[in-house]
Amino acid sequence: MRDMYRKLNWLGGTPREISEVVNNLVEGKSNNTGEVTLAVASATTTTIYDERIGYNSVMLLMPTTANAASVLSTTYISATNKGNAVITHTANTLTDKKYRYIIVG
């Protein structure tokens, strides 16, 4: 599920629309977050498919379950490409390694 804050028309917007978008950005509300659950069993990578990801994107992970927090030190973004990113992690049978992420750039 993605947060869906107002986007401006590519031609611009009314002063009220522009103010709403700018004020939301100042308050940290932007359309650049998502959720992912890491693959289980013998998998050591999980791929996130998201059109907002680019080659130079910076991505940050936040664990949202105890199992995700327990493997955070061995979990990292190993590649970003146009439209996807690869998370490298240890293989184990924990099934609820859930994270929220943010994409910048």
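Right above here is the structure, for reference.
All values derive from a computational prediction rather than experimental measurement.

Asks: How would you sum up helix H1 (residues 15–26)? Please name residues and give values.
Replies: Taking 1.5 Å as the rise per residue, H1 with 12 residues should run 16 Å; its terminal C-alpha atoms sit 16 Å apart, in good agreement. Just downstream of H1, Gly28 is the residue with a positive phi angle, here 85°.

Asks: Account for the environment of Leu61, with residues named and values stated.
Replies: Inspection of the secondary structure assignment puts Leu61 in strand E3 (residues 58–63). When the C-alpha atoms of Leu61 and Val36 are compared, they prove to be 9.3 Å apart, with 25 residues separating the residues in sequence. In this structure Leu61 touches Thr75, Ile77, Ile87, Tyr99, Arg100 and Tyr101, once residues within four positions along its chain are discounted.

Asks: Account for the sheet that holds strand E5 (residues 84–88), with residues named and values stated.
Replies: Read from one edge of the open sheet, 3 strands run E2-E5-E4, paired in antiparallel fashion. The outermost strands of the open sheet, each flanked by one partner alone, are strand E2 (45–49) and strand E4 (76–81). Strand-to-strand twist across the sheet, computed as the mean angle between neighbouring axes with direction ignored, equals 20°. Sheet topology places E4 next to E5; 5 bridges connect them, and they run antiparallel. Residue pairing in the sheet places Ile77 in a bridge with Ile87 of E5.

Asks: Before we move on, can you summarise the sheet that holds E3 with the specific residues and values?
Replies: Taken in spatial order, the 3 strands line up as E1-E6-E3 in an open sheet, and their pairing is antiparallel. Taken across any chain shown, the strands that pair with only one partner, and hence form the sheet edges, are strand E1 (33–37) and E3. Mean inter-strand twist for the sheet, computed between neighbouring axes without regard to direction, equals 30°. Here 5 bridges tie E1 to strand E6 (residues 98–104), and the two strands are oriented antiparallel to one another. Looking at E6, one finds that Gly34 is bridged to Tyr101.

Asks: Residue-level account of the pairing of E5, with values.
Replies: With 5 of 5 residues buried, E5 lies mostly within the body of the structure. Neither face of E5 is exposed, since Asn84, Val86 and Thr88 on one face and Ala85 and Ile87 on the opposite face are all buried. Summarising the sheet, E2 and E5 pair through 5 bridges and their orientation is antiparallel. Residue pairing across strands places Thr45 opposite Thr88, the latter belonging to E5. Linkage of E4 to E5, two consecutive antiparallel strands, is achieved through a turn of 2 residues, within which Gly83 is found at a positive phi near 90°.

Asks: Pulling in residues and values, what's your account of the nonpolar core?
Replies: In terms of nonpolar packing, the biggest core is built from 12 residues, these being Val36, Leu38, Ile48, Ile53, Met59, Ala68, Val71, Ala85, Ile87, Tyr99, Tyr101 and Ile103. Looking at this core, the elements that each hand over two or more residues are E5 and E6. Ignoring any residue separated from it by four or fewer positions in sequence, one finds Val71 in contact with Thr90, Asn92, Leu94, Lys97 and Tyr99.

Asks: Explain a nonpolar patch on the surface to me, and be specific about the residues and the numbers.
Replies: Among the surface-exposed residues, Leu8, Ile18, Val22 and Val26 lie close enough to one another that they form a single nonpolar patch of about 340 Å² accessible area. Among the structural elements, Ile18 can be located in helix H1. Given the relative accessible area of 36%, Ile18 is considered partly exposed.

Each value, and the rule that gives it
- Residues numbered from 1 in each chain as written.
- Predicted model: local features only at pLDDT ≥ 70, side-chain atom pairs only at ≥ 80, totals over all residues.
- Heavy atoms only, no water.
- Helix = DSSP H or I, 4+ residues; strand = E, 2+ residues; numbered from the N terminus.
- Expected span 1.5 Å × (residues − 1).
- Contact = heavy atoms within 4.5 Å.
- Pairing = 2+ DSSP bridges.
- Axes fitted to C-alpha atoms, helices over the stretch in contact; angles between N-to-C directions.
- Buried < 20%, exposed > 50% of the residue type's maximum accessible area, 1.4 Å probe, protein only.
- Core = buried A, V, L, I, M, F, W, Y, C linked by side-chain atoms within 4.5 Å.
- Patch = residues over 30% accessible without salt bridge, like charges linked within 9 Å, V, L, I, M, F, W, Y side chains within 5 Å.
- Areas by Shrake-Rupley, 256 points an atom, 1.4 Å probe, with all protein chains shown as cover.
- Salt bridge = Lys/Arg side-chain N within 4 Å of Asp/Glu carboxyl O.

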